[in-house]
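Now for the letters of each chain:
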Amino acid sequence: MENNLKNQIYLLTGGTSGVGKATAIGLAQKGAKIVIISRDARNAEKVLNEIAQRTGNERGEYLVADLSLQSSIRKVADEFKQKYDNLHVLANLAGKLSFEKQITPEGIESSFGVNYLSHFLLTNQLLDILKDSSPSRIITVGGNPSFIKHAKINFDDLQSVDHFNGMKSVSQAMYARVFFAFELARRLQGENITSNVFNPGVIKSNLTANAPWYMKILAAFYKPFEKDICEIGVYLATDPDIQNISGVFFNDKKQIVPFHEEFDPNIGQELWAISEQLTNRKTVY
Ligand SMILES: NC(=O)c1ccc[n+]([C@@H]2O[C@H](COP(=O)([O-])OP(=O)(O)OC[C@H]3O[C@@H](n4cnc5c(N)ncnc54)[C@H](OP(=O)(O)O)[C@@H]3O)[C@@H](O)[C@H]2O)c1
């Protein structure tokens, strides 16, 4: 894949900040054509200029979408397919940390929507072009393995609306992304499209920009360790050695953590069925 990198398109959600931007910079350094999704055209242009100055790669482009809204996700997927004729890597990297329950006009809790359901819907809306472009890859941001090993899905309150708690909601969405990535891999067996999930490590981020003071203090401790290139994201998106590896969790130093052996596939299937209902997106694979 790496030899063809310049002719292939890499679509990243969250490409303006944090894990998405850090992956976009690394891919741009390698000469890839990146397309980032942002809510804000001016922000996307600013970040793409910064990436171009830093890497010399001026081929980056953007699309505008609000990933908390399914109508916007459907629209941006259609726009992508009208504008581009291939998609080799979809990187599901957007996220947010919110301390208030927010129900969108479509009736979905926004934190759950952005942090998990958007990945499910965008992936499914783009699956046809990923298939047409195969071999292709879907990579999804997970989180720190020490949290993920305790993964639990509360199906009684999947969107955390009964007793909203920002950290709990973010954790549940993180667990959901891992189950989603594994279930996606299971469904894509034989398709030449891989699905993996990963811990990005400690990446420079805006996630705690609106967090309470105590969380900002905690975040400050991580500052000296923050990276502005997400090497594991770039590796998963491009490395030929892992072209056929699917359905696994990668830690930030490129090692596989055998969570796929521990995660109950029945939970992944139940989550998939509920996600289909919540997005009104029946899948046939
Ligand atoms: N940073 C880390 O070290 C780290 C470690 C482990 C896991 N993670 C996980 O990675 C995910 C992203 O975190 P981050 O650190 O990259 O956060 P971040 O720096 O705050 O970046 C968030 C990105 O998501 C996009 N986004 C947020 N809401 C959106 C919406 N409604 N529609 C479209 N795009 C939206 C933002 O784009 P616009 O503002 O341009 O729209 C931005 O590019 C989170 O789930 C987090 O838990 C991060």
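Up top you'll find the structure we're talking about.
Within any chain, residue numbers begin from 1 and follow the written order of that chain's sequence. Note on the predicted model: pLDDT of at least 70 is required for a residue's local features to be given, and 80 or more for side-chain atom pairs to be given and counted; whole-chain, interface and lining totals, by contrast, use all residues. With hydrogens and water set aside, each side-chain value is computed from the structure's full complement of heavy atoms.

Participant: I would appreciate a short explanation of the overall build of the protein chain in the present structure.
Facilitator: Regarding its fold elements, the protein chain presents ten helices and eight strands. Radius of gyration here is computed from C-alpha atoms only, and the compact-globule reference equals 2.2 Å multiplied by the residue count raised to the power 0.38. For a compact globule of 285 residues, the expected C-alpha radius of gyration is about 19 Å, and the protein chain comes in at 17 Å, within 12% of that figure. Between buried and exposed lies partly exposed: a residue is buried under 20% and exposed over 50% of the maximum accessible area for its type, with that area taken using a 1.4 Å probe on protein chains only. For the protein chain, the residues scored as buried account for 55% of the 285 residues in total. Any pair of residues with heavy atoms lying within 4.5 Å of one another is described as a contacting pair. Intrachain contacts of the protein chain at a sequence separation of at least 6 include 76% that bridge at least 24 residues. Put simply, the protein chain shows about 13,200 Å² of open surface, and 48% of that area lies on carbon and sulfur atoms. None of His or the chain ends enter the tally, which takes Lys and Arg as positive and Asp and Glu as negative. For charged residues, the charge sits on one atom: NZ in Lys, CZ in Arg, CG in Asp, CD in Glu. With 31 positive and 31 negative side-chain charges, the protein chain shows a spacing of 4 Å between the two charge centroids. Helix and strand labels come from DSSP, where a helix needs a run of H or I of at least four residues and a strand needs a run of E of at least two; each type is numbered from the N terminus. Accessible surface area values rest on a Shrake-Rupley calculation with a 1.4 Å probe, where residue burial reflects the displayed protein chains alone.

Participant: Teacher, can you tell me more about the layout of surface pockets here?
Facilitator: A cavity, in this analysis, means grid points on a 1 Å lattice covering only the protein atoms where a 1.4 Å probe fits yet has no way out; a pocket is instead an open set bounded by protein on both sides within 12 Å along at least five of seven lines, and a residue lines either one if it has an atom within 4 Å of a point. Grid points are joined across faces, edges and corners, and a volume is the space filled by probe spheres set on the points. Size it by volume and the second largest pocket reaches roughly 330 Å³. Elements with a contribution of two residues or more to the lining of the second largest pocket: α6 (166-187), β6 (193-198) and α10 (265-279). At five residues, the largest contribution of residues to the lining of the second largest pocket is made by α6. Polarity classes work like this: nonpolar for Ala, Val, Leu, Ile, Met, Phe, Trp, Tyr, Cys and Pro, charged for Asp, Glu, Lys and Arg, and polar for all others, with Gly in that last group. The residue inventory of the lining of the second largest pocket, partitioned by class, reads seven nonpolar, ten polar and four charged.

Participant: I keep staring at the site of the ligand and nothing clicks. Help me out?
Facilitator: A single heavy atom is enough: if one lies within 4 Å of a molecule or strand, its residue is considered near that molecule or strand. By nearness alone, 29 residues border the ligand, and Thr16, Ser17, Ser38, Arg39 and Ser205 come closest of all. The definition of a polar contact used here is a pair of N or O atoms within 3.5 Å, where within protein one atom must be able to donate a hydrogen and the other to accept one, and adjacent residues in sequence count solely through side-chain atom pairs. One of the backbone N or O atoms of Ile203 is found 2.8 Å from an oxygen atom in the ligand. For the ligand, whose accessible area on its own is 880 Å², the fraction buried by protein is 88%. Mapped by element, the contributors of at least two residues to the shell around the ligand are α1 (18-29) and α4 (110-132). Its residues assigned to classes, the shell around the ligand comprises eleven nonpolar, 15 polar and three charged.

Participant: How should I be thinking about a nonpolar patch on the surface in this particular structure?
Facilitator: Taken together, the side chains of Val202, Trp213, Tyr214, Ile217, Leu218, Phe221, Tyr222 and Phe225 make up a nonpolar region of the molecular surface, amounting to roughly 940 Å² of accessible area. Relative to the assigned elements, Phe221 resides in helix α7 (residues 213-222). With relative accessibility at 59%, the residue Phe221 sits in the exposed group. Only residues whose relative accessible area exceeds 30% and that form no salt bridge enter a patch; like-charged residues are grouped when within 9 Å of one another, and nonpolar side chains (Val, Leu, Ile, Met, Phe, Trp, Tyr) when within 5 Å. We define a salt bridge as a side-chain nitrogen of Lys or Arg found within 4 Å of a carboxyl oxygen belonging to Asp or Glu.

Participant: Please explain the packing of aromatic side chains as it appears in this structure.
Facilitator: The description of an aromatic ring pair rests on the distance of the ring centres and on the angle between the ring planes. Pairing of aromatic side chains here covers Phe, Tyr and the six-membered ring of Trp, requires ring centres within 6.5 Å, and sorts the geometry by plane angle: under 30 degrees stacked, over 60 edge-to-face, intermediate tilted. Summed over the entire model, instances satisfying the criterion amount to 13 aromatic pairs. For the pair Phe179 and Phe263, a centre-to-centre distance of 4.6 Å together with 50° between the ring planes defines the contact as tilted. Taken together, the residues Phe179 in helix α6 and Phe263 in the loop between α9 (259-262) and α10 connect sequence positions 84 residues apart. A relative accessible area of 4% means that Phe179 is categorised as buried. Judged by its relative accessible area of 10%, Phe263 is buried. On the basis of an interplanar angle of 90° and a centroid distance of 5.8 Å, the ring pair of Trp272 and Tyr285 is categorised as edge-to-face. Here the residue Trp272 occupies a position in helix α10, and Tyr285 occupies one in the segment after α10, the gap between them amounting to 13 residues. Given a relative accessible area of 1%, Trp272 falls into the buried group. Counting every residue linked through ring pairs, the aromatic cluster contains Phe112, Tyr116, Phe120, Phe180, Trp272 and Tyr285. Two thresholds decide whether a charge sits over a ring: the Lys NZ or Arg CZ must be within 6 Å of the ring centre and within 35 degrees of the ring normal. The side chain of Lys131 reaches across the aromatic face of Tyr285, ending 5.5 Å from its centre.

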